[in-house]
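# Remarks on the overall topology
The residues making up each chain are set out below.
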Amino acid sequence: MERSSAVRGDGMTGSGLLTARAEMAALDDHGLAAALGGLVDGLGYWSGKGALAAVERTGRCLAGTGEPTGPDEGPGTAGEGSWSRFIGRIGAVALRAVVEPTRDERRRRLLALLEIWADSPFADPRARMRTGLVRVTEGGPVVVRDERGAAVVVGWPTEGLRKFVDLRAGESDPPSPGVIEEVTDVPRGGWGDADQVRRLVDLVRERGPVPWDLDAVAVLRDGTGMGRAAASFALAGMLAGGYLPYLDDGERRIHRLKVAEIEDGVHEPCRMGSLDRLELLADVLPEDPAELWEPQGMREVAERIAHAWRDRYGRRTVVPERTFNAAIELHPFPLSAGRFCAAFTDHASIRGLGSNLDPWIRNSEFGPFLTAGGWDLNDFKDVLHVAVSNLFRVYAELPSGDPVRAGAPALLRALRERVDHPGLLLNAGVLSHTVGHRVADVHDRFGSRPYAGPEPLEVASVDDGLTVVVDGVVDRRGDRSQPRLYFRPAFYGDDERSRTLSAARADPRHDPGIEMVEWLRGPACARIVERLEDSSLPPGSYETNPAVSTPDVLGRAAGGLGIDEDAAALYLQLLTLYAPGDRNIRVWNGWKADRHQKAAAVLVERGLVVEDRRARTGRRLFLPGEWIHAGKPYQPMEAWKAELLGVERSYNGRLENPLPLPTRTVPDLFAHAWELVEEGRGPSA
């Protein structure tokens, strides 16, 4: 039996066999991390030099072609070792390296990595390799080899665990540098053998990057239902939030995206990990890389990405471009515009909406928190908060027949079903300081029975069947946080327990879950659903156009003011609507510019409005009286209208709070606003 050899330490080596090729030395710095952003983890670990060299030396150590020359020499580290996931998935890196939007400084690093890869066992489809986690001792071996194969430790240690890669030479498992805690066979048979990788690199150096194809972006968008920005990033191998903020002007021009679209596209993959992105893009390149430069080359890549996306995430309904842009303007964070639209059009596919949730409170080093395992609870809460808070604008500002608008009633019914489930537990905020600072202070309100979940809590708690109160935790400075409140919405209603909960909360704006549940069950929601399902609104028309949604109120306003119906419609819209920009008005009313200008001139002549230019409004007509500024993304508006809509000013007098949940439909809002004007309580200077 061949004697096992071991290398100790993580030092750089002076051996020529273990040193990366000299022409790549200038590229081997922290810039590699930016080039690989979103495909690797722990970017903070990539700040040092030597990453390319470490990948090359790791391959040579595994292959036995790079024996260390001393006891303190070893392969070195490349980040925290997540690059080992590239084995069997190098196609994702190659896609990013070959497309035009990747800036040259990053492309050079990616091509250098691919050249190293092609010369390593990582690109050999016959190599039997594994990756995983190994528990090692400090100063223990980082390379071990015998007749069974070899193993190399990669990355920095985390709580005694390090990633490793091994290569099997025979039928037995290779030697190990420690106790293996987790092991996975790497995928084989996909794109990325040595010949393919070398050919792609040679073609890029010979022909330049593959020209960008906007039609391919459209193919990917239509094949998945994702937004244009997300589709563009996915096609460029850049579907990664950590990568996109560093787009330069040249990349933006190639993608042909506006800043708002880019910011939204960043949110699309926020729940995808680096491994998810790698697997999505691993096998989308053609067998012969030269096909990428053919006229249909990138469109075929787009079709393969779309197929891989549908296999993993399903296909969303493709919504009209204007609808998608309207969703972007809503800033539906933490949802992307694509996920926001999908909540309405394909709500059954959203995690946490298709079936009941039974979350529980569990311990953590930062204190107890609510979980349901996986992302289901988070997705449900995101949709509950974002969809409900923006529902009024979906209902009011999208046309009849729009798929997002049409899906709103089904989404609301699904949300009501979920909140009526007895096992659902949601956040209700924190305990008010006026009520107490410990669970012991609220026994008279919520009783003394502790919360009984799957695991015992490490802090005190009480549970009265509706409300769970959990003690805060002590931080490093010795300060104790306020107790947190949770509630079971199925048991929330008009009873004493519910009133006790409401009275015990601190500022509800920080956790509006109770308000969301109340609204879903209330008359305003029912009335809006009734309007959404009312077939009297002609297809393609808007609820915000009083000529079609409330012609009787329009007639009263025109008669009362002594003006034509176009001018009266514009006046009602300026009185009541959140964002009556000139572009929106023309879309809602189906007007050309001259018709809009004629109606506006009537209102100015009668002194009903004033002409002005004001930032972030997109209009020139304003109600007389006080004007309130707003911080992004909120809308500045007239003080009279803010009061009508119930928009509260923040501490600094600006409008920096979300719109309140609606209490009226648009026709009811038009009618109420006109009644105020008739009563002499309309806007005035």
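Analysis parameters
Residues numbered from 1 in each chain as written. Predicted model: local features only at pLDDT ≥ 70, side-chain atom pairs only at ≥ 80, totals over all residues. Heavy atoms only, no water. Helix = DSSP H or I, 4+ residues; strand = E, 2+ residues; numbered from the N terminus. Buried < 20%, exposed > 50% of the residue type's maximum accessible area, 1.4 Å probe, protein only. Contact = heavy atoms within 4.5 Å. Areas by Shrake-Rupley, 256 points an atom, 1.4 Å probe, with all protein chains shown as cover. Core = buried A, V, L, I, M, F, W, Y, C linked by side-chain atoms within 4.5 Å. Pairing = 2+ DSSP bridges. Polar contact = N/O pair within 3.5 Å; in protein donor to acceptor, adjacent residues only side chain to side chain. Arc of directions from axis to C-beta. Expected span 1.5 Å × (residues − 1). pLDDT = per-residue confidence, 0-100. Axes fitted to C-alpha atoms, helices over the stretch in contact; angles between N-to-C directions. Parallel < 35°, antiparallel > 145°, perpendicular 65-115°, else oblique. Left-handed = near helix turned anticlockwise from the far one by under 90°. Nonpolar A, V, L, I, M, F, W, Y, C, P; charged D, E, K, R; others polar. Phe/Tyr/Trp six-rings, centres within 6.5 Å; stacked < 30°, edge-to-face > 60°. Lys NZ or Arg CZ within 6 Å of the ring centre and 35° of its normal. Patch = residues over 30% accessible without salt bridge, like charges linked within 9 Å, V, L, I, M, F, W, Y side chains within 5 Å. Salt bridge = Lys/Arg side-chain N within 4 Å of Asp/Glu carboxyl O. Lys, Arg positive; Asp, Glu negative; His and termini not counted. Charge placed at Lys NZ, Arg CZ, Asp CG, Glu CD.

## Here's the deal with the overall build of the chain
A tally of regular secondary structure across the chain gives 27 helices and 16 strands. Its C-alpha atoms give the chain principal-axis dimensions of about 100 × 70 × 40 Å. Residue burial in the chain is summarised as follows: out of 685 residues, 54% are buried. Contacts in the chain between residues far apart in sequence, at least 24 positions, make up 70% of those at least 6 positions apart. Accessible area of the chain: about 29,700 Å², with a carbon and sulfur share of 49%.

## Some details on the nonpolar core
By size, the foremost hydrophobic cluster in this structure holds 114 residues, and its most contacted members are Phe344 and Tyr571. Top contributing element to this core by residue count: helix H14 (residues 376-397), with twelve residues. Residues in contact with Phe344, not counting those within four places in the same chain, are Ala387, Leu391, Val394, Val404, Gly407, Ala408 and Leu411. Residues Phe122, Leu235, Val301 and Ile305 belong to the second largest nonpolar core, which totals 91 residues.

## Topic: the pairing of strand S9 (residues 426-430)
Every other side chain in a regular strand lies on the same face of the sheet, so the side chains alternate between the two faces. Within S9, four of the five residues are buried, which leaves the element mostly enclosed by the surrounding structure. Of the strand pairs in this sheet, S9 and strand S12 (residues 484-487) are connected by four bridges, and their pairing is antiparallel. Bridge pairing links Leu426 to Phe487 in S12.

## Focus on the side chain of Gln482
The residue Gln482 is located in the loop between strand S11 (467-470) and S12 in this model. A polar atom in the side chain of Gln482 sits 2.8 Å from the backbone oxygen of Leu431. Separated by 3.0 Å, the side chain of Gln482 and the backbone oxygen of Gly436 make a polar contact. Not counting the four nearest positions on each side in its chain, Gln482 is found in contact with Val430, Leu431, Ser432, His433, Gly436, His437 and Gly472.

## Quick notes on helix H20 (residues 523-532)
Here H20 has its buried residues at Ala524, Cys525, Ile528, Val529, Arg531 and Leu532. Within H20, the buried residues cover an arc of 160° as seen down the axis, which keeps them to one side. In this fold, the buried residues of H20 make contact with H14, helix H15 (403-406), helix H16 (408-419), helix H19 (513-521), helix H21 (546-549) and helix H27 (666-678).

## Here's the deal with helix H4 (residues 104-118)
Given a rise of 1.5 Å per residue, 15 residues ought to cover 21 Å, and the 21 Å separating the end C-alpha atoms of H4 matches this to within 8%. For H4, the tally of buried residues reaches eleven of 15 residues, placing the bulk of the element in the interior. Among all positions of H4, only Arg106, Arg107, Arg109, Leu110, Leu111, Ala112, Leu113, Leu114, Ile116, Trp117 and Ala118 are buried. In the core, the buried residues of H4 are packed alongside helix H1 (31-35), helix H2 (51-63), helix H3 (91-98), helix H5 (194-207) and helix H8 (249-255).

## Quick word on the confidence of the model for the chain
Predicted coordinates in regions of low pLDDT should not be interpreted in detail. On average, the chain scores 89 in pLDDT, and the residues at 70 or more come to 93%. Highest mean pLDDT in the chain belongs to helix H23 (residues 565-576) (98); lowest belongs to strand S1 (residues 5-8) (42). In the predicted structure, residues 1-20 sits below a pLDDT of 50 and forms 64 contacts with residues beyond four places in sequence or in another chain.

## Focus on the packing of helix H12 (residues 321-329) against helix H13 (residues 337-345)
Where H12 meets H13, the axes come as close as 9 Å, and the angle between the chain directions of the two elements is 115°. Relative to H13, the element H12 is oriented roughly perpendicular. Both H12 and H13 take part in a crossing whose hand is right-handed. Judged by residue contacts, Phe324, Ala327 and Ile328 of H12 engage Ala337, Gly338, Phe340 and Cys341 from H13. When its residues are assigned to classes, the contact of H12 with H13 shows six nonpolar, one polar and no charged.

## Quick word on the packing of helix H24 (residues 582-589) against helix H25 (residues 593-605)
Packing of H24 against H25 brings their axes to within 10 Å, and their N-to-C directions diverge by 110°. Between H24 and H25, the interaxial angle falls into the category roughly perpendicular. Where H24 abuts H25, its residues Asp582, Ile585 and Arg586 lie against Ala593, His596 and Gln597. Of the residues contributing to the contact of H24 with H25, the split by class is two nonpolar, two polar and two charged.

## Regarding the environment of Ala428
When you line up the elements, Ala428 lands in strand S9. Ala428 sits 76 residues away from Ala504 along the chain, and the two C-alpha atoms are 10.0 Å apart. When sequence neighbours within four positions are dropped, the list of residues in contact with Ala428 reads Leu485, Tyr486, Phe487, Leu501, Arg505, Asp511 and Ile514.

## Digging into the sheet that holds S12
Pairing in this open sheet of four strands is antiparallel, and the strands run S9-S12-S11-S10 from one edge to the other. Of all the strands in the sheet, just S9 and strand S10 (461-463) have a single pairing partner and so form its edges. With direction set aside, neighbouring strand axes in the sheet form an average angle of 20°.

## A word on the packing of aromatic side chains
Summed over the entire model, instances satisfying the criterion amount to nine aromatic pairs. Residues Trp83 and Trp117 carry aromatic rings whose centres are separated by 6.2 Å and whose planes lie at 85° to one another, so their mutual orientation is edge-to-face. Taken together, the positions of Trp83 in the loop between H2 and H3 and Trp117 in helix H4 put the pair 34 residues apart, joining distant regions of the chain. Both residues of the pair, Trp83 and Trp117, count as buried. Taking 4.8 Å as the distance between ring centres and 35° as the angle between the ring planes, the aromatic pair formed by Trp117 and Phe122 counts as tilted. With relative accessibility at 0%, the residue Trp117 sits in the buried group. Sitting over the face of the ring of Trp627, Arg614 holds its NZ or CZ atom 4.7 Å from the ring centroid.

## Brief notes about the side chain of Arg393
Within the secondary structure layout, Arg393 lies in helix H14. In this structure Arg393 touches Leu330, Leu398, Tyr578, Ala579 and Leu659, once residues within four positions along its chain are discounted.

## What about a negative patch on the surface?
Together, Glu287, Glu291, Glu294, Glu300 and Glu303 give the surface a local cluster of negative charge. Examined against the element boundaries, Glu287 turns out to sit in the loop between helix H10 (274-281) and helix H11 (297-313). Given a relative accessible area of 67%, Glu287 falls into the exposed group.

## Quick word on the environment of Ser232
For Ser232, the position within the fold is in helix H7 (residues 228-235). Residues Ser232 and Leu220 lie twelve residues apart in sequence; the distance between their C-alpha atoms is 8.1 Å. Setting aside anything within four residues of it in sequence, one finds Ser232 in contact with Trp212, Val217, His255 and Leu257.

## Some words on unusual backbone geometry
With an omega of 10°, the peptide bond between Phe333 and Pro334 qualifies as cis. When you line up the elements, Pro334 lands in the loop between H12 and H13. A cis amide bond links Lys632 to the next residue, Pro633, at an omega of 5°. By the secondary structure assignment, Pro633 is in the loop between strand S15 (627-628) and strand S16 (637-638).

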